[in-house]
Amino acid sequence: MNRLLTSIGLVGAAIVLCGCGSMNAKVEVTAPVATKIPHEMTLHGVTRVDNYYWLRDDSRTAPQVLDYLHQENAYTQAQLAPYKPLENQLFKELTSRVEPNESTVPYHWHNHWYSRRYSEGKEYPIIVRSQTQSGAVQSLLDANERAAGHDFYRLAAVNVSPDEKLLAFAEDTLSRRIYTVYFKDLSGGQLLSDKLTDVDGGVVWSNDNRYVFYIAKDPQTLLGDRVFRHKLGTQQSADVLVYHEKDDSYFLDLGKSLDETEIVLTHENTITSEVSLLDANAPLGEFLPVLPREEGIEYSVAKRGNELYILTNWQAQNFQLMKVNINKAANKDNWQPVIPHDPDVLLEDFLLLDDFLVLQTREQGLSHIRIYPDADTTRGYELQFDDPAYVVGLDVNPNQHSRELRVYYSSPSTPESIYDYQLDFPGRRTLLKQEKVLGGFNAANYRTERLRITARDGTPVPVTLVYRKDKFQRDGTNPLYIYGYGAYGIVMEPAFQDDIISLLDRGIVYAIAHVRGSDMLGRRWYEEGKMLHKQNSFNDFVDVTKGLLNEKYGAPGKVLAAGGSAGGLLMGGVINQAPELYLAVAAHVPFVDIVTTMLDESIPLTTNEYDEWGNPQQKKYFDYMLSYSPYDNVQHQAYPNLLVTSGLYDSQVQYFEPAKWVAKLRDYKTDNHLLLLHMDMTAGHGGKSGRYSSYEDTALEYAFFLGLLGYK
């Protein structure tokens, strides 16, 4: 074993104990230096040498790999030891704002009111229901009991049968997002013998309560590629395969129409989608497509009576809303326009009730909700909100007959609020709940701003800012924290975050740079930050940083930046291209080895993302991706202080990407700044799972940043 560690383990890693007989012994940990074992990869006439390829171990059991990761964790722990009191203080501060006995707003489905409740000191929710909104509560599932004995626990979908007698719930205890589904008898409380393994999330019930449908995951690629029908009371081995997705660029998703008549199977990749329906009253039937997939056409559907409403990008970059008789939907010539395409307005979502059409749009970066009685688009009205930047969306609305609409709303300075709107009376609403933020929080102390910073190509980039008013003078002296993502069309919404209060109250200005790659300004904004335009995302972030400094929102030398997953790729590209702008950067579960990963179809999710990044088997995409790949472009230069976090069981970005990146950075960088890898040996892409323990990751990052700024 020692020989193996010498040959493919670590060199230069040591723990030195000084003054060993003293209670005050000082522990000095030198930075791990991973052994270089050249691994050549040649494509399109280009040979890349990856000296740290050996860090990939899909089994996650190789002693030399685990040893390296433990050495990195020990080094990080030692380097951050001076900040440990601050980290402990921050964790206490962050968790003290959490309402101990929190509960969600109950929603009514069939004959019960359902909600989730938390108890003081408990990490996980209890699923409850009652027959009246304020009546006696029945506990359906205590996730705390289910989590006992597990280092990691995630409760995914919880699905009650149509007759409300059975509960199906999905659990992940490894953090790979591969779930096991269990079934519970809600009258007697006992678990059934049925058990479904290797499942992607939850299940969908047939209306006779006898069958469930689920998506099975491939254990290697983690793709959900098969739909099975399970009959209650039988073994999983007897389940019937009802659909197999042969194109591994597609994701599958299962749901149910709002009127509960159809089981809905959605097939989608980055640029194409297809919807198939199965009669929920005839579960032995087959899924039939609404419109067979056509490359580049995306659509989703909602059903009311015999009509389908279709939200689609067909002949509409920002989407349009159509309707059609369900029996004629397969021919687009039969589709009739309801809401036409508008190049300045993105149609994001819609809800189809018996007597109302609810439409969610995004205009100039902000979401809007419009109500159309009887789906008459000539006499609609809009819900009004006041903050300069906010997030609003459709909350749980499980009844198609409803004359009320439930929405959620928040802004960087307004805690999440749940409203019920009376749809027959424009403007009439009831605040059902606003998130309680303990510890003396007062929203009046904070200000939110929305501004535009012009990028180098003349494009105005939206930025959301929030700061504490009495600690901000706009004189260029405040520390500045900038967050970014910019991929998959996902918008980093300007929502309330109770954790950043710990930054704002210390005088730090918090900013979200809405760089190209999201849907913030419509589909064009997304398309200008993907594929062969990805460099725009990096440019936007760098230019926003410079612009905010020029506008005196932050101090040079006190700029912090953070991003996770694809946002970690953003961080990696930014510090290669403009490292001098940042004091410190946190890159969480960073997707940094993009070329190697996208060339390997055995790595989870690779094939689904060719339309996001490009397929490097094609030379033009290979060359372009190689030009910005953070791992391939590490240089001999000074880098900011860097905290890299990951999870050994990450299902989205495999642990070895950030591990290799840190090893290479340590070899190349010319500075004495901190370079730290924190590898959670029990968690995955989302970090720790409990409502309290999840703040441990935040406290670590904030202590890293605040310690470097000199806070105690």
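For the structure itself, consult the block above.
Residues numbered from 1 in each chain as written. Predicted model: local features only at pLDDT ≥ 70, side-chain atom pairs only at ≥ 80, totals over all residues. Heavy atoms only, no water.

(A) Region of interest: the overall build of the protein. The number of helices and strands found in the protein is 13 helices and 42 strands. Its C-alpha atoms give the protein a radius of gyration of 26 Å, within 12% of the compact-globule value 27 Å for 712 residues. In terms of principal-axis extent, the alpha carbons of the protein reach across some 75 × 60 × 60 Å. In the protein, buried positions account for 57% of the 712 residues. Considering only residue pairs separated by 6 or more positions, the protein has 57% of its internal contacts joining residues 24 or more positions apart. Summing over all exposed atoms, the protein offers an accessible surface of approximately 29,000 Å²; the carbon and sulfur share of this is 47%. Side chains of the protein give 68 positive and 93 negative charges; the mean places of these two sets differ by 4 Å. (Helix = DSSP H or I, 4+ residues; strand = E, 2+ residues; numbered from the N terminus. Rg over C-alpha atoms; globule rule 2.2 N^0.38 Å. Buried < 20%, exposed > 50% of the residue type's maximum accessible area, 1.4 Å probe, protein only. Contact = heavy atoms within 4.5 Å. Areas by Shrake-Rupley, 256 points an atom, 1.4 Å probe, with all protein chains shown as cover. Lys, Arg positive; Asp, Glu negative; His and termini not counted. Charge placed at Lys NZ, Arg CZ, Asp CG, Glu CD.)

(B) Structural context of the environment of alanine 555. Here alanine 555 shows up in the loop between α7 (535-550) and β39 (559-564). Along the backbone, alanine 555 and aspartate 540 are 15 residues apart, and their C-alpha atoms lie at a distance of 19 Å.

(C) Here's a closer look at the nonpolar core. In this structure, Leu69, Phe541, Leu548, Trp613 and Trp661 are the most contacted members of the largest nonpolar core, which totals 80 residues. Setting aside residues no more than four positions away along its own chain, tryptophan 661 makes contact with Gly572, Ile575, Ala587, Pro590, Val592, Pro630, Tyr631, Val634, Leu642 and Val644. Judged by nonpolar contacts, the second largest core, of 39 residues, contains Tyr510, Leu674, Ala699 and Leu709. (Core = buried A, V, L, I, M, F, W, Y, C linked by side-chain atoms within 4.5 Å.)

(D) Fine view of the sheet that holds strand β21 (residues 273-279). An order of β19-β20-β21-β22 is seen for the four strands of this open sheet, with the pairing classed as antiparallel. At either end of the open sheet lies a strand with only one pairing partner, and these are β19 (251-256) and β22 (288-289). Sheet analysis places β21 next to β22, joined by two bridges and oriented antiparallel. Note that in β22 the partner of serine 276 across the bridge is proline 289. (Pairing = 2+ DSSP bridges.)

(E) Quick peek at helix α3 (residues 84-96). The terminal C-alpha atoms of α3, which comprises 13 residues, lie 18 Å apart, in line with the 18 Å expected from a rise of 1.5 Å per residue. Considering only its buried residues, α3 is in contact with α5 (501-504) and α13 (694-709). (Expected span 1.5 Å × (residues − 1).)

(F) Fine view of the sheet that holds strand β26 (residues 336-339). Strand order across the open sheet formed by four strands is β23-β24-β25-β26, with antiparallel pairing between neighbours. On the outer flanks of this sheet lie β23 (299-304) and β26, each paired with one strand and no other. Sheet twist, expressed as the mean angle between neighbouring strand axes with direction ignored, is 30°. Pairing of strand β25 (residues 320-325) with β26, which is carried by three bridges, proceeds in the antiparallel orientation. In the strand pairing of β26, methionine 322 is matched with proline 337. (Axes fitted to C-alpha atoms, helices over the stretch in contact; angles between N-to-C directions.)

(G) Fine view of the pairing of strand β5 (residues 39-43). Note: β5 against strand β6 (residues 46-50), five bridges, orientation antiparallel. Across the sheet, the residue bridging to threonine 42 is threonine 47, located in β6. Hairpin remark: β5 followed by β6, antiparallel, with two residues in the connecting loop; positive phi at histidine 44, about 55°.

(H) Molecular detail of the pairing of strand β9 (residues 126-130). Counting buried residues along β9, five of its five residues qualify, which places the element largely inside the surrounding structure. Note: strand β8 (residues 112-117) against β9, five bridges, orientation antiparallel. Following the sheet pairing, arginine 116 is matched in β9 by isoleucine 127. Linking β9 to strand β10 (residues 137-142), which pair antiparallel, is a turn of six residues.

(I) Expanded view of the packing of helix α2 (residues 63-79) against helix α12 (residues 656-668). The N-to-C vectors of α2 and α12 enclose an angle of 65°; their axes lie 12 Å apart at closest approach. Both α2 and α12 take part in a crossing whose hand is left-handed. Residues Tyr68, Leu69, Glu72 and Tyr75 of α2 pack against Ala659, Val662, Ala663 and Arg666 of α12. Along the lines of polarity and charge, the residues of the contact of α2 with α12 split into six nonpolar, no polar and two charged. (Left-handed = near helix turned anticlockwise from the far one by under 90°. Nonpolar A, V, L, I, M, F, W, Y, C, P; charged D, E, K, R; others polar.)

(J) Summary view of the pattern of salt bridges. A full pass over the atoms with the stated rule returns 39 salt bridges. With a shortest N-O distance of 2.7 Å, aspartate 671 and lysine 669 are connected by a salt bridge. Given a relative accessible area of 12%, aspartate 671 falls into the buried group. The exposure class of lysine 669 is buried, given its relative accessible area of 16%. Connected via shared salt-bridge partners are Asp457, Arg516, Arg524, Glu528 and Asp540. (Salt bridge = Lys/Arg side-chain N within 4 Å of Asp/Glu carboxyl O.)

(K) Highlighting the packing of aromatic side chains. For the coordinates displayed, the defined rule picks out 26 aromatic pairs. Measuring from ring centre to ring centre gives 4.1 Å for tyrosine 467 and phenylalanine 472, while their planes differ by 40°; the resulting arrangement is tilted. This pair shows no difference in class: tyrosine 467 is buried, exactly as phenylalanine 472 is. With a centroid separation of 6.2 Å and an interplanar angle of 35°, the aromatic rings of phenylalanine 541 and tyrosine 582 are classed as tilted. Of this pair, phenylalanine 541 sits in helix α7 while tyrosine 582 sits in the loop between α8 (566-577) and β40 (584-588); the two residues are 41 residues apart in sequence, bridging distant segments of the chain. A network of ring pairs unites the aromatic residues Tyr481, Tyr510, Phe704 and Phe705 as a single cluster. Across from the ring centre of tyrosine 211, 5.9 Å away, lies the NZ or CZ of arginine 229, which sits over that ring. The ring of tryptophan 525 carries arginine 516 above its face, with NZ or CZ at 5.6 Å from the centroid. (Phe/Tyr/Trp six-rings, centres within 6.5 Å; stacked < 30°, edge-to-face > 60°. Lys NZ or Arg CZ within 6 Å of the ring centre and 35° of its normal.)

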